[in-house]
Amino acid sequence: PLQVVVNVVRKAAVFNKVLCSAALRQRINKDLMMGKKDMTVEEFMLIKQLVILAMLWVVAAMGMLSSQETMIPMVGMCLAVGYLMPDLWLKARIKKIKDSLVRDLPDTVDLLALCVNAGLDFMMALKYLVEKSPPSVIMDELAIMMQEINVGKPRREALRSMAKKYELPDLSTFSRTLIQADRMGTSV
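Small disclaimer: the values here were computed from a predicted structure and weren't measured.

1. Topic: the overall build of the protein
Next up, step 1: Within the protein, the secondary structure is distributed over eight helices and zero strands.
Next up, step 2: Secondary structure of the protein in N-to-C order comes out as α-α-α-α-α-α-α-α.
Next up, step 3: Whereas a compact globule of 188 residues would reach a radius of gyration of roughly 16 Å, the protein reaches 22 Å, over 25% beyond that.
Next up, step 4: By principal-axis analysis of the C-alpha atoms, the protein measures approximately 75 × 30 × 30 Å.
Next up, step 5: Within the span of the protein, comprising 188 residues, buried residues form 35% of the whole.
Next up, step 6: When contacts within the protein are restricted to residue pairs at least 6 apart in sequence, those whose partners lie at least 24 apart make up 56%.
Next up, step 7: Summing over all exposed atoms, the protein offers an accessible surface of approximately 11,800 Å²; the carbon and sulfur share of this is 65%.
Next up, step 8: Across the protein, the centroid of the 25 positively charged side chains sits 3 Å from that of the 19 negatively charged ones.

2. Remarks on unusual backbone geometry
Next up, step 1: The backbone phi angle of Lys 36 is positive, close to 55 degrees, even though this residue is not glycine.
Next up, step 2: The exposure class of Lys 36 is partly exposed, given its relative accessible area of 30%.
Next up, step 3: Of note, the phi angle at Glu 167 is positive, near 55 degrees, even though the residue is not glycine.
Next up, step 4: Locating Glu 167 in the fold gives a position in the loop between α7 (155-166) and α8 (169-184).
Next up, step 5: Using a relative accessible area of 52% as the deciding quantity, one classes Glu 167 as exposed.

3. With respect to the packing of aromatic side chains
Next up, step 1: Taken as a whole and judged by the stated rule, the model has zero aromatic pairs.
Next up, step 2: Taking NZ or CZ as reference, Lys 48 lies 3.5 Å from the ring centre of Tyr 83, over its face.

4. Points about the pattern of salt bridges
Next up, step 1: Following the criterion strictly, the structure yields eleven salt bridges and no others.
Next up, step 2: Salt-bridge contacts for Glu 157 lead to Arg 160; the nearest nitrogen and oxygen are separated by 2.8 Å. In this pair, Glu 157 and Arg 160 both sit in helix α7, three residues apart, roughly one turn of the helix.
Next up, step 3: Relative accessible area serves as the criterion here: at 37%, Glu 157 is assigned to the partly exposed category.
Next up, step 4: What makes Arg 160 partly exposed here is its relative accessible area of 37%.
Next up, step 5: Linked by salt bridges that have partners in common, Arg 27, Asp 31 and Lys 91 make up one network.

5. Details of the nonpolar core
Next up, step 1: Formed by 38 residues in total, the largest nonpolar core has its most connected members in Leu 126, Leu 142, Met 145 and Leu 171.
Next up, step 2: Those elements giving two or more residues to this core turn out to be α2 (22-34), α3 (41-61), α4 (68-117), α5 (122-132), α6 (137-150), α7 and α8.
Next up, step 3: Discounting chain neighbours no more than four positions away, the residues touching Leu 171 are Leu 105, Ile 138, Met 162, Ala 163 and Tyr 166.

6. A closer look at the confidence of the model for the protein
Next up, step 1: For the protein, the mean per-residue pLDDT works out to 87, and 98% of the residues sit at or above 70.
Next up, step 2: When the elements of the protein are averaged for pLDDT, helix α1 (residues 2-12) gives the smallest value, 78, and α6 the largest, 92.

7. Comments concerning the packing of α2 against α3
Next up, step 1: Between α2 and α3, the least distance of the axes is 9 Å, while the angle of their chain directions is 90 degrees. Of the possible angle classes, the one that applies to α2 and α3 is roughly perpendicular. When α2 is examined against α3, the residues Leu 24, Arg 25, Ile 28, Asn 29 and Leu 32 are found in contact with a partner set consisting of Val 41, Glu 42, Phe 44 and Met 45.
Next up, step 2: For the contact of α2 with α3, the per-class residue count stands at six nonpolar, one polar and two charged.

Quick notes on the rules
- Residues numbered from 1 in each chain as written.
- Predicted model: local features only at pLDDT ≥ 70, side-chain atom pairs only at ≥ 80, totals over all residues.
- Heavy atoms only, no water.
- Helix = DSSP H or I, 4+ residues; strand = E, 2+ residues; numbered from the N terminus.
- Rg over C-alpha atoms; globule rule 2.2 N^0.38 Å.
- Buried < 20%, exposed > 50% of the residue type's maximum accessible area, 1.4 Å probe, protein only.
- Contact = heavy atoms within 4.5 Å.
- Areas by Shrake-Rupley, 256 points an atom, 1.4 Å probe, with all protein chains shown as cover.
- Lys, Arg positive; Asp, Glu negative; His and termini not counted.
- Charge placed at Lys NZ, Arg CZ, Asp CG, Glu CD.
- Phe/Tyr/Trp six-rings, centres within 6.5 Å; stacked < 30°, edge-to-face > 60°.
- Lys NZ or Arg CZ within 6 Å of the ring centre and 35° of its normal.
- Salt bridge = Lys/Arg side-chain N within 4 Å of Asp/Glu carboxyl O.
- Core = buried A, V, L, I, M, F, W, Y, C linked by side-chain atoms within 4.5 Å.
- pLDDT = per-residue confidence, 0-100.
- Axes fitted to C-alpha atoms, helices over the stretch in contact; angles between N-to-C directions.
- Parallel < 35°, antiparallel > 145°, perpendicular 65-115°, else oblique.
- Nonpolar A, V, L, I, M, F, W, Y, C, P; charged D, E, K, R; others polar.

Next up, the structure:
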């Protein structure tokens, strides 16, 4: 039953294609990727519309749409809050993920340095770390970076794309350091 609802929602979301400009589509898509949500921009817009309808229904059920003086402000409030609520939820999710990345990065760097100092090359140290560490956001990102490198993406590009994805100063510094070590041929 849940899968049927999901399929209906995905099919209904197609009608939202015309609502999304290229800039809006790019911003929402980036936020959905950072928030690790597996949905399209159209589906996210449909969620916004459903929240607006739910808020209108609640306000109507409470009788706040019965008089002319309250109808227009209440409808406007439902539109604004319903449109912004999914964005606020996604931004909070992204902040939680970024905080997790910043919190776990120093330990990850230390473990990578330990593995490299123990004689493993960078890729083997990365593989060992991803396999042996408990699941976390940073390990997921390192696993994605490893997969990109394994399918042929240059290490520098994989590191740059990971840093660019989250736009965190600490992650960017980490990536730049590894890229510079790779470019100069120095030890990681």
